[in-house]
Amino acid sequence: MSHLLKNKELKELAKIYDYVSMCTHCGNCKYGYEYGSASNFAAMLCVQGEKFNFDSYRGSRGKVSLARSLLHNRIGWSDKAAHVLFTCTSCGACQQMCETDIKPWILRMFEALRYEAWKQNVAIPENIKAWSSTIGTLYNPYKEPHEKRLDWLPSDLRYSMPTKAEYIYFAGCTASYRRKQIARATVSLLRKLKVDFTVVDDEWCCASPLLRTGQYDLAAKFVEHNKALPEKYGASGFITTCSGCYRTLGRDYTMDAPEGYADKYGKMTGVKVLHTTHLIEEMLNKGEIEFTGRFDKKVTYHDPCHLGRHAEVYETPRNVLKAVPGLQLVEMYRNRKFSYCCGAGGGVRGGFADYSLETAGKRVREAEATGAELVTSACPFCYTNLADAIELNKSQLKMEDIVEIIEPIVRRK
Amino acid sequence: MARGNNEILANLEQIVGPEYVSNEEADLQPYTWDMTWAEPRMPDYVVMPKTVTEIQRVLRLANHRKIPVIPYCNGTNIGGLCVPEEGGIILDLKKMDRILKIDPETCYAVIEPGVSHAAFSAALKATNPQWKGEEFSKGFEFGWGVHPASASVLAMAINHGIGHLNGRIGINSQLISSMEVVLPTGEVAKIGSCAYSDSWHSFLPLPRMDGLFTGWLGTTGIVTKLGVWIFPIRPYRDVLTIAAASAEDITKYMVRWRHYSLCDEVTAVSWWLAQIPIVFPYSPKPADAPEFFSYTVISGWSEEELAYKRKMWKEVVEKERAKGTKLIDFEYPPEAKKGRTELPSRIVGSTKNYSKSCGGGIAWPGTFAPCRSWPILYEKWKEIYIRHGLSPATRFTDYQGAHYGMLRCMTPFNKRDPASVQAARDAMVECVRAGIPEGMLPYKPPVEYQNELNAVADAGYMYLMAKIKDMLDPNNIMNPGKLGIR
Ligand SMILES: Cc1cc2nc3c(=O)[nH]c(=O)nc-3n(C[C@H](O)[C@H](O)[C@H](O)COP(=O)(O)OP(=O)(O)OC[C@H]3O[C@@H](n4cnc5c(N)ncnc54)[C@H](O)[C@@H]3O)c2cc1C
Ligand code: SF4
Ligand code: SF4
């Protein structure tokens, strides 16, 4: 009898064995589709399966099956197993398709598998190992000094930020170190909109890269640190421009520990987490925003997986874009819950840059096919990958974050 | 950890390219099992060909080295049919996913094995029936089942799959019109009209050689192209429902209704199958609940046509009631109705049903049986199932013409509990044994059912089958162990 839990060494995985074994191996997760009178959608959504072909790589079935094979002691750990695990972008398209009770556990299970992989002598991608070795002291995965975290902030603002405010603008590592213009545009926007906010120099990485790559133990201290910030600055909430930060602060920090799990970190309660697009939409709805200019361009919106499938925020960014005078919004074939990942998530951009950019290249071509002149998104990490792919593929497309589109042409009424 | 041997790996790499072959256990593991009780078995290689020539070369190599070859698309057959009994090569055909032709005038399409139901349906919906450019209606359809949309249309059709047109037009193997196969020894053959021209519309009036490759569970060759009939989507659809106090009563109603040939499908499910999730382990139904719930799908080109069909259906119900058949009115849940009218359904028939209450195991005695045997076998199966602690979650579906139809009992079980697996397997095999004398035949049969069939089969039939198998596959490399004849 081969379906018995024989490998109890894999403790984190063994704890969710009940859920792992709820997978029926049906393969629904290998393809995206929806029918009905209004929709007629069918497309491959799993970036990993599309690239690496075999069923081991396609959707969650391959990974659940890997978990079971390991737990049943039918196969051992190998570099190949690590490759199967770490080339998944955690985009959640497979989870979206699953209809069985394992559904809410799928991404968590991928993380648990990665958690176990770290304890084995297998080929974790070198780059992931590299940033992981310094994140504990630098508090960012880009190997940049923590003291430079706020270098993006214009010096006149840097020292005039209030010590108490309603919101903390949590810029996140990518905007802080790599896409500074998005952080700057956000601060300028928040000031124009007269939002009571501050920026803090003791912001640490939200821990998204750690959690997604299964480094729970290391993540715990980041969660504990960041969740104490609101109280310290008298804030009632966080505002993020990064979808990864939004997902992590808004969901990972606040969710109950999954059944069977020892609590990895205390739960964050009573703190609002808003994506910038939430804030803008809310103010638009209240009539508090006035447009001072136009954006006469055809634009397509790329759903970041962390904002879309992970947090089910699909319409908010679109509503914001639709409100912009002159902006013509066109959709890619794969959009909303059936969006196609930019290829960067789950540690893939760091771990497998070529494959990550190849995926982004596919998305860029899809954006081009809409006839749009500009692709926008709501995440500096998606921005990075898509902008790099635009450059690499010599595409005529332009890339701007939603905040960059809005900031120059609004004021508070 | 790697399996197989490096020389063969190198040969396979030469044929399909290194990125399309693997002998690593981490890649092989999803191919070791399926949802059924089939004991997991490791293949030695997985190979993903992209062309017919590559398949020919793989088969020649496999023949030469006597390596088993298991054709595979998505492994969702619910019969353990792709579990590699003797190891060997999983020939994963997903990369061959072209829809080669959709002919909107002659109403057929030509597809490769990797074409999923999702992709095929989307393409058909976007193609309008027409004659010389003049369009008649919107979109085509094929017989859509309730399996995952990633499943292969070709694999389903060649294994007598069951779709939503089964009542009107027949099961999906009856919709096949031509095929191309690679024989186990590497030759390519076209069968049907496509053997003479590029028209893939029909097997008739030729000798029916397609029978050598349908229902054989991938043991006689690799089907590389399939012509299938497609049908214009009728714009009007409705679902009519009725329940009954017994299997006998629901069968009487279904058979009478089917004689009129007015519906696309008529199906009945026992109380246990109507519950989501299926009751597991068994517990009795409430005394006042009907034993069977039935739905029938009607379709038409106008509201008038539907109205006529509704009128005829009402007459059937009234006539049966007048004879004393106990038929009970009930409301079909809107979600279920959507699943029957918006096709193929996103609601994958059965997966939802299974996982919470148990440990991911699904199987069934899935059979074709003459309608008159349904109530007889239901009572027998019910006794067997309850004795094994399982719910008799039974389904009857009539196939075109009131001759025969599906008799099936969906069976969840807990894969983590050996006793649960054993009970389910024992119950199902016992049901098959009880059914064969009543004319029942299992479809996509797991090895255990095949053994039951072979034990009582006509000797001449078995001789002929073995002879065909030996002729086509002299080294018994194709999916060995499945049909139980070699
Ligand atoms: C939840 C659920 C619901 C289902 N509902 C239905 C339903 O309503 N109707 C229905 O018919 N089925 C149903 N099925 C069964 C199954 O999904 C279908 O029969 C499906 O089409 C099989 O496709 P596959 O790609 O998974 O084939 P596979 O499982 O990969 O292959 C099936 C068989 O065909 C052989 N084979 C595959 N390709 C070839 C080839 N090119 N040449 C020769 N042999 C080949 C294989 O060796 C195997 O024996 C259901 C399954 C599930 C899990
Ligand atoms: S999360 Fe995305 S990349 Fe990973 S298996 Fe699922 S669909 Fe594929
Ligand atoms: S993860 Fe869900 S959709 Fe995928 S095979 Fe398992 S049960 Fe099916």
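It should be emphasised that the depicted structure is a prediction, and the values quoted were computed from it without experimental measurement. (Residues numbered from 1 in each chain as written. Chains lettered and ligands numbered in written order. Predicted model: local features only at pLDDT ≥ 70, side-chain atom pairs only at ≥ 80, totals over all residues. Heavy atoms only, no water.)

Trainee: Report on the overall build of chain A, specifying residues and quantitative values.
Mentor: What chain A contains, in helices and strands, is 21 helices and 12 strands. For 413 residues, the compact-globule estimate of 2.2 N^0.38 gives 22 Å, and chain A sits close to it at 21 Å. Taken over the C-alpha atoms alone, chain A extends approximately 70 × 50 × 35 Å along its principal axes. Burial analysis of chain A (413 residues in total) assigns 65% to the buried set. Within chain A, contacts between residues separated by at least 24 positions form 78% of all contacts whose residues are at least 6 apart in sequence. Across chain A, 57 positive and 48 negative side-chain charges occur, with their mean positions spaced 3 Å apart. (Helix = DSSP H or I, 4+ residues; strand = E, 2+ residues; numbered from the N terminus. Rg over C-alpha atoms; globule rule 2.2 N^0.38 Å. Buried < 20%, exposed > 50% of the residue type's maximum accessible area, 1.4 Å probe, protein only. Contact = heavy atoms within 4.5 Å. Lys, Arg positive; Asp, Glu negative; His and termini not counted. Charge placed at Lys NZ, Arg CZ, Asp CG, Glu CD.)

Trainee: Residue-level account of the domain arrangement of chain A, with values.
Mentor: As far as domains go, chain A holds domain 1 (11-118), domain 2 (136-279) and domain 3 (291-412). In this structure, domain 1 of chain A and domain 2 of chain A have C-alpha centres spaced 29 Å apart. (Domains from an automatic or database assignment.)

Trainee: So what about the site of ligand 2? Which residues, and what values?
Mentor: Residue and element names in this part refer to chain A. The local shell around ligand 2 holds 13 residues, among which C46, K63, C88, C91 and C94 are the closest. Among the secondary structure elements, those contributing two or more residues to the shell around ligand 2 are α3 (47-52), α4 (59-71) and α6 (93-97). Grouping the constituent residues of the shell around ligand 2 by class yields seven nonpolar, five polar and one charged. (Near = heavy atom within 4 Å. Nonpolar A, V, L, I, M, F, W, Y, C, P; charged D, E, K, R; others polar.)

Trainee: Help me get a handle on the interface of chain A and chain B, residues and values and all.
Mentor: Tallying the contact residues gives 53 residues for chain A and 59 residues for chain B. For the pair chain A and chain B, the two sides together bury roughly 4500 Å², of which 55% comes from carbon and sulfur. When the buried surface of chain A facing chain B is broken down by residue, A:Y35, A:F54 and A:E99 rank first, second and third, together holding 16% of it. Put simply, chain A and chain B have three salt bridges between them. In this structure, the salt-bridge partner of B:D27 is A:K80, at a minimum N-O distance of 3.0 Å. Residue contributions to the side of chain A that touches chain B peak at six residues, all from α4(A). In the side of chain A that touches chain B, the residues fall into 19 nonpolar, 21 polar and 13 charged. (Buried area = accessible area lost by both parts, 1.4 Å probe. Salt bridge = Lys/Arg side-chain N within 4 Å of Asp/Glu carboxyl O.)

Trainee: Describe the pattern of salt bridges, listing the residues and the values that go with them.
Mentor: In the structure shown here, the tally under the stated rule is 65 salt bridges over all chains. With a closest N to O distance of 3.1 Å, B:K337 and B:D238 form a salt bridge. Taken together, the residues B:K337 in helix α9 (residues 334-341) and B:D238 in strand β14 (residues 236-244) connect sequence positions 99 residues apart. Salt bridges sharing common partners tie together A:K30, A:D55, A:R61, B:D92 and B:K94.

Trainee: I'd love a proper account of the pairing of strand β12 (residues 222-229) of chain B, names of residues and values included.
Mentor: Side-chain positions along a regular strand alternate between the two faces of the sheet. Residues and elements named next belong to chain B. Among the eight residues that make up β12, seven are buried, leaving the element largely enclosed by the rest of the structure. Where strand β6 (residues 108-111) and β12 come together, four bridges link them in antiparallel fashion. Along β12, the bridge assignment pairs V110 with G227. Inspection of the sheet shows strand β10 (residues 176-182) paired to β12 by six bridges, in the antiparallel sense. By the bridge assignment for β12, M179 is matched with L226. (Pairing = 2+ DSSP bridges.)

Trainee: Tell me about the site of ligand 3, and name the residues and values.
Mentor: Taken together, 13 residues surround ligand 3, and among them A:C23, A:C26, A:G27, A:C29 and A:C98 come closest. Tallied by class, the residues present in the shell around ligand 3 amount to six nonpolar, six polar and one charged.

Trainee: Before we move on, could you go through the pairing of strand β3 (residues 167-170) of chain A and cite the residues and values that matter?
Mentor: All names here are of chain A. Of the two faces of β3, the one lined by Y167 and Y169 and the one lined by I168 and F170 are each fully buried. When β3 meets strand β5 (residues 237-240), the two strands line up parallel, connected through four bridges. Of the residues in β5, the one forming a bridge with Y169 is I239.

Trainee: Break down the sheet that holds strand β21 (residues 404-409) of chain B for me, with residues and values.
Mentor: All names here are of chain B. Read from one edge to the other, the open sheet built from eight strands follows the order β17-β14-β16-β15-β20-β21-β19-β23, with strand pairing classed as antiparallel. Single-partner strands in this sheet number two, and they are β17 (327-328) and β23 (441-442). Summarising the sheet, β14 and strand β16 (residues 292-300) pair through nine bridges and their orientation is antiparallel. Bridging from a neighbouring strand, A244 pairs with F292 of β16. Most of the contacts of α9 go to β14, to which it runs at about 130°, and overall it touches β14 and β16. (Axes fitted to C-alpha atoms, helices over the stretch in contact; angles between N-to-C directions.)

Trainee: Now, about the packing of helix α6 (residues 247-259) of chain B against helix α8 (residues 303-322) of chain B: what can you tell me, with residues and values included?
Mentor: All names here are of chain B. α8 packs onto α6 with a crossing angle of 140° between their chain directions and a minimal axis gap of 10 Å. Considering their axes alone, α6 and α8 lie oblique with respect to each other. In this structure, α6 meets α8 at a crossing whose hand is right-handed. In this structure, α6 contributes K252, Y253, R256 and W257 to the contact, and α8 contributes K309, M312, W313, V316, V317, K319 and E320. Split into classes, the residues belonging to the contact of α6 with α8 amount to six nonpolar, no polar and five charged. (Parallel < 35°, antiparallel > 145°, perpendicular 65-115°, else oblique. Left-handed = near helix turned anticlockwise from the far one by under 90°.)

Trainee: Explain the sheet that holds β5(A) residue by residue, including any values.
Mentor: Residue and element names in this part refer to chain A. What the four strands build is an open sheet, ordered β4-β3-β5-β6; its pairing is parallel. Edge positions in the sheet fall to β4 (197-198) and β6 (272-275), since each of these pairs with one other strand and no more. In the sheet, β5 pairs with β6 via four bridges, with the strands oriented parallel. Directly across from I239, in β6, lies its bridge partner L274. The strands that helix α11 (residues 180-192) touches are β3, β4 and β5; relative to β3, the one it contacts most, it runs at about 160°.

Trainee: Now, about the packing of α6(B) against helix α11 (residues 373-387) of chain B: what can you tell me, with residues and values included?
Mentor: Residue and element names in this part refer to chain B. For the pair α6 and α11, interaxial distance at closest approach is 8 Å and the crossing angle is 155°. By the criterion of interaxial angle, the relationship of α6 to α11 is roughly antiparallel. Helix-helix and strand crossings are classified by hand; for α6 and α11 the assignment is right-handed. Here A247, E248, T251 and M254 of α6 come into contact with α11, specifically with W374, P375, Y378 and E379. A breakdown of the residues in the contact of α6 with α11 according to their chemical character gives five nonpolar, one polar and two charged.

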